[in-house]
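Single-letter residue listing:
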Amino acid sequence: MSDEPDPRPPATLDEELLGAELRSIVSTQSDAARLHRIQSELAAGFRALARVGAAVSVFGSARTSRDHPEYELARQVSHTLGEAGFAIITGGGPGIMEAANRGARESGALSIGLNIDLPFEVGINTYVDLPLQFHYFFARKVMFVRYASSFVVFPGGFGTLDEMFEALTLIQTNKIRDFPVVLVGSRYWNGLVDWMREQLAAEGKISPEDLGLFEVTDSPARVLELVQQAVHRQARVA
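It should be emphasised that the depicted structure is a prediction, and the values quoted were computed from it without experimental measurement.

Attention now moves to helix H6 (residues 158–172). For H6, built from 15 residues, the straight-helix expectation of 21 Å at 1.5 Å per residue is met to within 8% by its first-to-last C-alpha distance of 20 Å. Buried within H6 we find Thr160, Glu163, Met164, Ala167, Leu168 and Ile171. Projected down its long axis, H6 carries its buried residues within an arc of 130°, all on one side. Buried residues in H6 make contact with strand E1 (55–59), helix H5 (137–146), strand E5 (150–153), strand E6 (181–184) and helix H7 (186–201). One or two residues past the end of H6 sits asparagine 174, with phi positive at roughly 60°.

See the structure below:
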């Protein structure tokens, strides 16, 4: 008799996909069924966002409280972008995401939330006008990049850093062009930027010019200026 525990059902479809070859995870679908669901999820996202126009993807911590200065800054930045005609795309959750969706709605701009199935998440915040639900992280990531003209990144954790570095990698490898990445909150980001300069660039892991693929600022006006430099999508001016 085996001492191994019985396989458990996957908590999410991402876990089911990535753990499909593991004996500890119950495999609930065939590869053909997985491919069909992935295709359907991408197609639904394409249909829903095809006519959005110019948009900005905003990232940041879900753990930021409503009374934190970063929450109000995210709200203000998104309001400024919304007034200029940009839709706002977030992950649809609480914290910075909620603040950004709130600023978008208050400006009259389209407020989009791309929510992901997670066992510990609380669902889509109440300031989202166009909600989309995703089962697969990678399908959701496609939407963040494909339908945005730029990324605006507030202080956050692993998920925020993942989105930021993925965008920088896509720019560095010329997969996307004319795509500003703006890091908002110099107190939070300057230490990381110093490390990138003193370690990554100094040791040749990246080129010195790669440090110019993003900018750090605390100014909503500067965020707007940088975003407006992206010309591959046109903003809808009210």
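Here the narrative resumes, following the displayed structure.
For helix H8 (residues 220–228), every residue scored as buried is listed here: Pro220, Val223, Leu224, Leu226 and Val227. Along the axis of H8, the buried positions cluster into a sector of 165°, meaning they face one direction only. Buried residues belonging to H8 abut E1, helix H3 (69–83), E5, E6 and strand E7 (215–217).

To continue, consider the layout of surface pockets. As a volume, the second largest pocket reaches approximately 280 Å³. Around the second largest pocket sit 17 residues that line it, and Asp178, Phe179, Pro180, Gly212 and Leu213 are the ones nearest its centre. Elements supplying a minimum of two residues to the lining of the second largest pocket: H6 and E6. Class assignment for the residues of the lining of the second largest pocket results in 10 nonpolar, four polar and three charged.

So, on to the packing of H5 against H6. It is the contact of H5 with H6, at a shortest axis distance of 12 Å, that shows an interaxial angle of 60°. Taken together, the axis directions place H5 and H6 in an arrangement best described as oblique. With respect to the hand of their crossing, H5 and H6 are arranged in right-handed fashion. Contact with H5, carried on its side by Lys141, Phe144 and Val145, involves Asp162, Glu163, Glu166 and Leu170 of H6 and no other residues of that element. Partitioned by chemical class, the residues of the contact of H5 with H6 number three nonpolar, no polar and four charged.

Read across the open sheet, the seven strands follow the order E4-E3-E2-E1-E5-E6-E7; overall the sheet is parallel. Each edge of the open sheet carries a strand with a single partner, namely strand E4 (130–134) and E7. Put simply, the sheet's adjacent strands are angled 25° from each other on average, direction ignored. Bridge count between strand E3 (residues 111–116) and E4: five bridges; the pairing is parallel. Bridging across to E4, isoleucine 112 finds its partner in leucine 130. Taken strand by strand, helix H4 (residues 96–107) contacts E1, strand E2 (87–90) and E3, and its axis lies near 165° from that of E2. Set on the sheet, H8 makes contact with E1, E5, E6 and E7; between it and E7 the angle comes to about 155°.

The rules behind the values
Residues numbered from 1 in each chain as written. Predicted model: local features only at pLDDT ≥ 70, side-chain atom pairs only at ≥ 80, totals over all residues. Heavy atoms only, no water. Helix = DSSP H or I, 4+ residues; strand = E, 2+ residues; numbered from the N terminus. Expected span 1.5 Å × (residues − 1). Buried < 20%, exposed > 50% of the residue type's maximum accessible area, 1.4 Å probe, protein only. Arc of directions from axis to C-beta. Contact = heavy atoms within 4.5 Å. 1 Å grid on protein atoms, 1.4 Å probe; cavity = no way out; pocket = protein on both sides within 12 Å on 5 of 7 lines; lining within 4 Å. Points joined across faces, edges and corners; volume = space filled by probe spheres on them. Nonpolar A, V, L, I, M, F, W, Y, C, P; charged D, E, K, R; others polar. Axes fitted to C-alpha atoms, helices over the stretch in contact; angles between N-to-C directions. Parallel < 35°, antiparallel > 145°, perpendicular 65-115°, else oblique. Left-handed = near helix turned anticlockwise from the far one by under 90°. Pairing = 2+ DSSP bridges.

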